[in-house]
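# Breakdown of the fold
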Amino acid sequence: MILTLNNNNNNNNNNNNNNNNNNNNNNNNNNNNNNNNNNNNNNNNNNEDKSNVFIELIAGSFSGALTRFIVAPLDVVKIRLQLQRTHFNNNNNKNNKNNNNMVANGGGGNTITKEKLNYRGIVQTMGKVIREEGIRSLWKGNFSAELLWVTYAAIQFSTYNGIIGFLDPEYRKHQQRTDKDKPNYKPSSSITMIGGASAGVLSTIISYPFDIIRTNIVNNHRKTNFSETFKTIIKRNGGFSNLFSGINSSLLQIVPQMGFQFTFYETFKFISNKYTSSINNNNNNNPLNQFTCGLLSGALSKFLVLPFDVIKKRLQVNEKVGYGMKSCFRDLYYNEGGIKSFFKGGTPGIVKAGLAAALSFTFFEQSKRILLNK
């Protein structure tokens, strides 16, 4: 009887041990499967991130190329107006009867000479350029400008989405959703300011030489080309460093402009989607909303930084040694009409910036959606 009980106990213990071993094996297998699934998910996420970056580069390049071609005439008009010099004469001769009369009447000793300007406004400037240089001149420097815009837009959009996705994981999840009913979402304004400014800095530094060449081609009233202009620029005092002339002013302009532009765009788009979602359930992909929000964000952000743009263009075509931002600022203020000289080409500049942003955002969002088959 005792032996039988012992044998039973031993059998029970063996069964328990076997069960425990089986449970442990099952747990280990489950853990291994979970680890494999996690690794697969991580690999899938990494592959998806790489795929998204590649798609954003393609969509950004397409957006930049198409946008540049459409807004090129406004760009030529803006540059001609910004680079046009006006004369502000200072008449300090106290014996001059006219000057004394003006001072006596409460005026200063400064008078602006009434000269016939070459360019006055968008319509007149565009007409004059067409008459004197032909309609193709409205796309003058288009090769270098296309290189500029393709490079700039591709880097800008991919960098912006990468930075925002890193700082705000919810934004990345929202961007990866393919369903039509995805909720309306907006990153915080501080994050979009950082993302927009950082994207602007990186894309500006990389594409800046193309901007220098484009500006010099447009400023040259005779027929010229990319390679000829490039050689002329590097032959000046300073050599290859001339390809980055005025970059400090450009960065001072682009950091706030791109920060404001992306922040305004995300804000306007969020508000627009919120109040029009009852009309269109898939309002996140509505091109009319994207165009309108881009137009407003581009125009507003450009207005805020326009003086830096005027200084940048002047420095890009400058041939004087030691002529920097301070010299350009003093020259504009004291010799060309005071504060208003910093807003030269303001109307075409703001119109062009608004239209460019509207087209750029719309083309990017729509081409990205098509590439992702959303």
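Our structure is the block above this text.
Residues numbered from 1 in each chain as written. Predicted model: local features only at pLDDT ≥ 70, side-chain atom pairs only at ≥ 80, totals over all residues. Heavy atoms only, no water.

### Regarding the environment of Arg314
- Considering the arrangement of structural elements, one finds Arg314 in helix α9 (residues 287–316).
- A C-alpha to C-alpha distance of 7.6 Å links Arg314 and Gln82, two positions 232 residues apart in sequence.
- Here Arg314 is in contact with Gln82, Leu83, Gln84, Arg85, Cys328, Leu332, Glu336 and Lys344, once residues within four sequence places are set aside.
- In terms of polar contacts, Arg314 uses its side chain to reach the side chain of Glu336, at 2.9 Å. (Helix = DSSP H or I, 4+ residues; strand = E, 2+ residues; numbered from the N terminus. Contact = heavy atoms within 4.5 Å. Polar contact = N/O pair within 3.5 Å; in protein donor to acceptor, adjacent residues only side chain to side chain.)

### Observations concerning the pattern of salt bridges
- Here the structure, examined in full by the defined rule, presents 16 salt bridges.
- Glu132 is the salt-bridge partner of Lys128, the closest N and O atoms lying 2.7 Å from each other. In this pair, Lys128 and Glu132 both sit in helix α3 (residues 121–133), 4 residues apart, roughly one turn of the helix.
- The partner of Lys312 in a salt bridge is Asp211, and the shortest N-O contact between them spans 3.5 Å. Here the residue Lys312 occupies a position in helix α9, and Asp211 occupies one in helix α6 (residues 189–219), the gap between them amounting to 101 residues. Both residues of the pair, Lys312 and Asp211, belong to the buried class.
- Overlapping salt bridges, with partners in common, bring together Arg68, Asp75, Lys78, Asp211, Arg214, Lys302, Asp309, Lys312, Lys313 and Lys352 in one network. (Salt bridge = Lys/Arg side-chain N within 4 Å of Asp/Glu carboxyl O. Buried < 20%, exposed > 50% of the residue type's maximum accessible area, 1.4 Å probe, protein only.)

### Description of the packing of aromatic side chains
- Tallied over the entire structure, the rule returns 16 aromatic pairs.
- Among the aromatic residues, ring-to-ring pairing joins Phe157, Tyr160, Phe262, Tyr265, Phe361 and Phe364 into one connected group. (Phe/Tyr/Trp six-rings, centres within 6.5 Å; stacked < 30°, edge-to-face > 60°.)

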